[in-house]
Amino acid sequence: MTRRRALRVTAIGSAVVAVIAVVVVAVLAVTLIRRPLPDRGGEVSMPGLSGEARVIRDDRGVPQIYADNAEDLFRVQGYVSAQDRFFEMDLRRHITAGRLSELVGEDEDALTADKLIRTLGWRQVAEEEFTKATESTKAYLEAYAAGVNEYIEGRSKSELNVTYTILERSHDLADIEPWTPVDSLAWIKAMAWDLRSNYGEELQRAQAINTVRNAERVEQLFPDYPYEEHPPIIEGEAADGNQAGSGAQANPGKGNKNNNQNNEQNENPDEEQGTSPEGTPTPDPSATGTPSSSATVENASLVQQSTVLSSDAAQQALSAATNALDGLPDVLGGSSEGNGSNSWVVAGDLTESGLPLLANDPHLGVSAPGIWTQVGLHCNTVSEACPFDVSGYTFAGLPGVVIGHNARISWGLTNLGPDVSDFFLENVNGESYLVDGNSQPLETRPETIKVAGGDPVTINVRSTKHGPLISDVLTDVAKAGQTSPVPGEKILRGSTYAVALSWTALSPGTSMEAILGLNVAQDFESFRKAVQKLDAPAQSVIYADVDGNIGYQAPGRVPLRGKGDPQAKVPADGTWPQIGWDSRYDWTGFVKKRDLPWVENPRSGYIVAANQAVTGPDGTAQLTSDWDYGFRSQRIQKLIEGARADHPITMEDMREVQNDTYNAIAEMLVPTLLELATTTDEFTQSGVELLEGWDYMQPTDSAAAAYFNTVWAKLLDLTFADELPEGFRADGGDRWFQVVSMLMDDPKDEWWDDGRTDAVVESRDEVLRRALTQARLELTQRLGKDPDKWRWGKLHRVTLEQTPLGGEGLPSLLRELVNQGPYEAPGGSSIVNAFSWDASAGDFSVTAAPSMRMIVDMSNLDNSRWVNQSGVSGHPLDKHYDDQVGAWLKGEDFAWPFTADAVKAASDQEQTFKPES
């Protein structure tokens, strides 16, 4: 699938662009820009408070909130969130409710996003989650919402954010609605969406079979995980045998993709893993892998799955689904290359202090403001009634702390990436679809989308038992498949194909409970209990505590799949779109919580979780077949081992690892490139000379990095672009590292041949030579003739872009107001300092990056360090809008005061909240 385009909503129709250009000068007037800047000092009278509360901010505006009552804490957190970032919160709730067009007006991208999100029903799921939440969770969500509403009540839109002022120059905006608890919970659906694992790979496989016409060659593009070279998170037997499920059925790894443990896994109903809530496929406990009698009669004429997927009808439906998904806003960075994270924790036996150090830097999309905001929540007296004393990173609009530490434990998150979504190719005839030879009615509901300044748009959402038909989102999808029913199936004559999405997050979950539970966890047992509620998005969670323990837990609601048709050429394991009309492909339950991997105090003395495989081939549960290939995790392990061999590990060592820019694929390719350079012209050789003696590091001033990455992009294009279908490009990330590494061993593999050349069959060496030459020519045009003057940072740049006003097509003065950059960036794709870029995009712009960095010192929490991508504020021209960008780019960080004395010492501004008399 192509890299999803970032949401570039113009918010302004072409008819009013000229008007905007005229008024933008007035909008930029100091009075209008400064009107919404919050007053972060003084005294606030707040209804609903039970006692006095304080907010102490440091010189970067980070709020530390103190109160006697837990609900007061969250009420004030809501107020502070609205002070700093209400427009961002309002934008997010419009996105997650499928109401973006109400905010930005007539815009094709916004309308496509609204259609898809209405089809998925995020808002309805969030409403169900709230009704099922615990009483304490409801109370905290309601208190947070009350605080938000206290801030926005009585303030005009122009007093809340200058973006409203600009948008209203284009079209009338509706009155701002009060914030609700469901608005907070709906954002968790957006988090889960952007971290939903391998849906891109699933569609890519299906689309590639239409052009490659060979399933084995397609699988070359999705290699097995290299367990021998890149160890998983939990390697070997855990210390004291405490890896979860050590006696359970072994997972045979990717070689056996049918994770059909359902008979054993579903034996314990207390673990709630054998249930299928509304919105996910319902398991049939009586299913034995044999379809119904009517389906058996027709079974002989069912087409092999690979043949079905390669038919024109199926490809049109899959393409429609792909295009619809591409229309979603990149709320966290989408499926662009680089989404992932680094986290690791080192035990006290290896550190200078004698207690653990924990580091985390999630890799997400870049934006202004950044995805995270920082906060501290402190009960003046910690007790059972008021248990919070926690600090870290959260999302504006969400109560609590998502990543951080309390007084006893710390935790970090990386994307686990389990396969929690499947596409089902459905055979639809009118308002019915086929199941085992029988016709079933589609579920339907109308959805009306309001458009600011335009007419409302009504869509008809249709669903099968597998989920909503996302291929319906595009208006031309009705034409897909009309001429190509399934060959040999008389019963299906006149039917068409559609694509349904099964996704675990389309049923109510407990992720908010998990976040609040982590905030108050006191030891590894309570940590695990909280983490296991983090069902979507499923994350790898690392742990450290003040007693010296370190650990790891993998959570998530992970589906178990049926056996499928044993005669099919493509397995029923979720790596390819599944056959919807054969119940043997349905989900049969979920992996039990007891079989989700965990470890405490491993013998190695450290844990690295950087999106690589969690366990080896003998793990207790197959979570996915599409892991990150472990280049970052392996590098982190190597650096930890190198540091421990030399000296006890320090905070500075942890920081150096976070800023490491070593390129693993460069070390593998460069020796061959240097050999081949001797057969190229002198002009090309003058560029290749940069690679001689290169240390494979990629700081911004590296000429070698500029040349190598250009060669890498050319190599991928020459090797793969001729055969890959539209929408499937070699983006150059970790999977392509592994693909090319394996192809290098076979210089005459068919992939090396570039079908765009006439009567020439290229070998590996010819492709590499051409890449060297073409890269030299391109950089001569981009950066000048002298290779010594090339700089990686001149190519590799990052812009923090605001939605919706920062996109192309808007007045430059406006964009300069809300955007930050472009800045030169170090690192690259699948590098520890992961300023990732898309090698297929034609430029080197950063698509994802470390969204924040933190290092927690369990020996002295006040010695911990942190830095955010931008700043805590969402107001352009606020001094805290971008006051952390410079340090973030340089790999620097700031003091992270936690104890009351340290927070007071770092105080720059204080605000007091008192109950309304």
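The preceding data block contains the structure.
Residues numbered from 1 in each chain as written. Predicted model: local features only at pLDDT ≥ 70, side-chain atom pairs only at ≥ 80, totals over all residues. Heavy atoms only, no water.

Undergrad: I'm lost on the environment of Phe894 in this one. Help?
TA: Of note, Phe894 is situated in strand 30 (residues 894-895). Of the residues examined, Phe894 reaches a relative accessible area of 17% and is grouped as buried. In this structure the C-alpha to C-alpha distance between Phe894 and Arg60, which are 834 residues apart in sequence, comes to 9.5 Å. Dropping the residues within four chain positions of it, Phe894 is found in contact with Arg60, Ser864, Arg865, Trp866, Val867, Asp883, Gln884 and Ala887. (Helix = DSSP H or I, 4+ residues; strand = E, 2+ residues; numbered from the N terminus. Buried < 20%, exposed > 50% of the residue type's maximum accessible area, 1.4 Å probe, protein only. Contact = heavy atoms within 4.5 Å.)

Undergrad: Help me out: how do you make sense of empty space enclosed by the protein in this one?
TA: It is the rolling of a water-molecule-sized probe over the atoms that shows where space remains empty. This structure, assessed with the given rule, holds 12 cavities of 30 Å³ or more. Taken as a whole, the second largest cavity encloses approximately 200 Å³ of empty space. Taken together, 22 residues line the second largest cavity, and the ones lying closest to its centre are Met191, Leu195, Trp372, Leu413 and Gln539. Top contributing element to the lining of the second largest cavity by residue count: helix 16 (residues 511-520), with 4 residues. Here the residues of the lining of the second largest cavity are counted per class, giving 16 nonpolar, 6 polar and no charged. (1 Å grid on protein atoms, 1.4 Å probe; cavity = no way out; pocket = protein on both sides within 12 Å on 5 of 7 lines; lining within 4 Å. Points joined across faces, edges and corners; volume = space filled by probe spheres on them. Nonpolar A, V, L, I, M, F, W, Y, C, P; charged D, E, K, R; others polar.)

Undergrad: Is there a simple way to think about the state of the cysteines in this case?
TA: Per the stated rule, a full pass over the model turns up 1 disulfide. In this model Cys379 forms its disulfide with Cys386; the gap between the sulfur atoms is 2.0 Å. Between Cys379 and Cys386, the S-S dihedral sits near -85°, and the bridge is therefore left-handed. We note that Cys379, like Cys386, is buried. (Disulfide = S-S within 2.5 Å.)

Undergrad: Help me understand the environment of Ala703 in this model?
TA: By secondary structure assignment, the location of Ala703 is in helix 22 (residues 703-720). Sequence separation between Ala703 and Asp788 is 85 residues, and the spatial gap between their C-alpha atoms is 6.4 Å. Other than its neighbours up to four places away in sequence, Ala703 contacts Leu690, Pro787 and Trp790.

Undergrad: Before we go on, may I ask you to explain the packing of aromatic side chains in this structure?
TA: Each pair of aromatic rings is reported with the distance of its centres and the angle of its planes. Per the counting criterion, the structure on display carries 34 aromatic pairs. With 5.5 Å between their ring centres and 70° between their planes, Tyr393 and Trp866 make a pair best called edge-to-face. With a gap of 473 residues between them, Tyr393 in strand 7 (residues 389-394) and Trp866 in strand 29 (residues 865-868) connect regions that are remote in the sequence. No difference in accessibility class separates Tyr393 from Trp866, as the two residues are buried. Grouped by ring-pair contacts, the aromatic residues Trp187, Trp372, Tyr393, Phe395, Trp866 and Trp896 constitute a single cluster. Residue placement shows Lys138 over the ring face of Phe130; its charged tip is 5.8 Å from the ring centre. We note Arg217 situated over the ring of Trp751; from NZ or CZ to the ring centre the distance is 4.2 Å. (Phe/Tyr/Trp six-rings, centres within 6.5 Å; stacked < 30°, edge-to-face > 60°. Lys NZ or Arg CZ within 6 Å of the ring centre and 35° of its normal.)

Undergrad: What should I look at first to understand the sheet that holds strand 7 in this one?
TA: Sheet strands associate in pairs through backbone hydrogen bonding, adopting either a parallel or an antiparallel arrangement. With respect to topology, 11 strands assemble into an open sheet ordered 1-31-2-3-6-7-8-9-17-18-22, the strand pairing being mixed. Each edge of the open sheet is held by one strand with a lone partner, namely strand 1 (42-46) and strand 22 (598-600). For this sheet the average axis-to-axis angle between neighbouring strands, irrespective of direction, equals 15°. Where strand 17 (residues 539-545) and strand 18 (residues 550-553) come together, 4 bridges link them in antiparallel fashion. Paired with Tyr543 across the bridge in strand 18 is Gly551. (Pairing = 2+ DSSP bridges. Axes fitted to C-alpha atoms, helices over the stretch in contact; angles between N-to-C directions.)

Undergrad: Just checking my understanding: could you explain the packing of helix 3 (residues 70-96) against helix 7 (residues 135-152) for this structure?
TA: Between two packed helices, both the angle of their axes relative to each other and the distance between the axes serve to describe the pair. Running from N to C, helix 3 and helix 7 cross one another at 50°; their axes reach a closest spacing of 6 Å. Here helix 7 runs oblique to helix 3, going by the angle between their axes. The hand of the helix 3/helix 7 crossing is right-handed. Residues Ala70, Glu71, Phe74, Arg75, Gln77, Gly78, Tyr79, Ser81, Ala82, Gln83, Phe86 and Met89 of helix 3 touch helix 7, and the partners they reach there are Ala139, Tyr140, Ala143, Tyr144, Ala146, Gly147, Val148, Glu150, Tyr151 and Ile152. Looking at side-chain class alone, the contact of helix 3 with helix 7 contains 14 nonpolar, 5 polar and 3 charged residues. (Parallel < 35°, antiparallel > 145°, perpendicular 65-115°, else oblique. Left-handed = near helix turned anticlockwise from the far one by under 90°.)

Undergrad: Please explain the pattern of salt bridges as it appears in this structure.
TA: Side-chain pairs of opposite charge can arise whenever the charged atoms involved come near each other. Inspection of the entire model under this criterion finds 48 salt bridges. Arg791 is the partner of Glu824 in a salt bridge, and the nearest nitrogen-oxygen pair spans 2.5 Å. Pair noted here: Glu824 is in strand 25 (residues 820-824) and Arg791 is in the loop between helix 24 (764-783) and helix 25 (792-795), with a separation of 33 residues, a long-range link. Owing to a relative accessible area of 27%, Glu824 belongs among the partly exposed residues under this scheme. On the basis of relative accessibility, which here comes to 26%, the residue Arg791 falls in the partly exposed class. (Salt bridge = Lys/Arg side-chain N within 4 Å of Asp/Glu carboxyl O.)

Undergrad: How should I be thinking about the nonpolar core in this particular structure?
TA: One recurring pattern in soluble globular proteins: nonpolar side chains tend to sit buried together. Membership of the largest hydrophobic core comes to 172 residues, with the highest contact counts inside it found for Phe527 and Tyr552. Here the element with the most residues in this core is helix 3; it accounts for 12 residues. When neighbours within four sequence positions are excluded, Phe527 is seen to be in contact with Ile409, Trp411, Leu518, Ala521, Val541, Ile542, Tyr543 and Gln553. Listed in part, the 60 residues of the second largest apolar core include Tyr662, Leu690, Leu691 and Val767. (Core = buried A, V, L, I, M, F, W, Y, C linked by side-chain atoms within 4.5 Å.)

Undergrad: Is there a simple way to think about the sheet that holds strand 13 (residues 443-449) in this case?
TA: On the basis of which strands lie adjacent, the open sheet formed by 3 strands has the order 13-14-15 and antiparallel pairing. Each edge of the open sheet carries a strand with a single partner, namely strand 13 and strand 15 (467-468). In this sheet, strand 14 (residues 457-464) lies alongside strand 13 in antiparallel orientation, the contact comprising 7 bridges. For Glu447, the partnering residue across the bridge sits in strand 14 and is Ile459. Against the sheet, helix 5 (residues 108-120) contacts strand 13, strand 14 and strand 15, and its axis sits at roughly 145° relative to strand 13.

Undergrad: Hey, could you run me through a negative patch on the surface in this one?
TA: Judged by side-chain charge, Glu689, Glu692, Asp786 and Asp788 come together as a negatively charged surface patch. On the secondary structure map, Glu692 appears in the loop between helix 21 (682-688) and helix 22. (Patch = residues over 30% accessible without salt bridge, like charges linked within 9 Å, V, L, I, M, F, W, Y side chains within 5 Å. Areas by Shrake-Rupley, 256 points an atom, 1.4 Å probe, with all protein chains shown as cover. Lys, Arg positive; Asp, Glu negative; His and termini not counted. Charge placed at Lys NZ, Arg CZ, Asp CG, Glu CD.)

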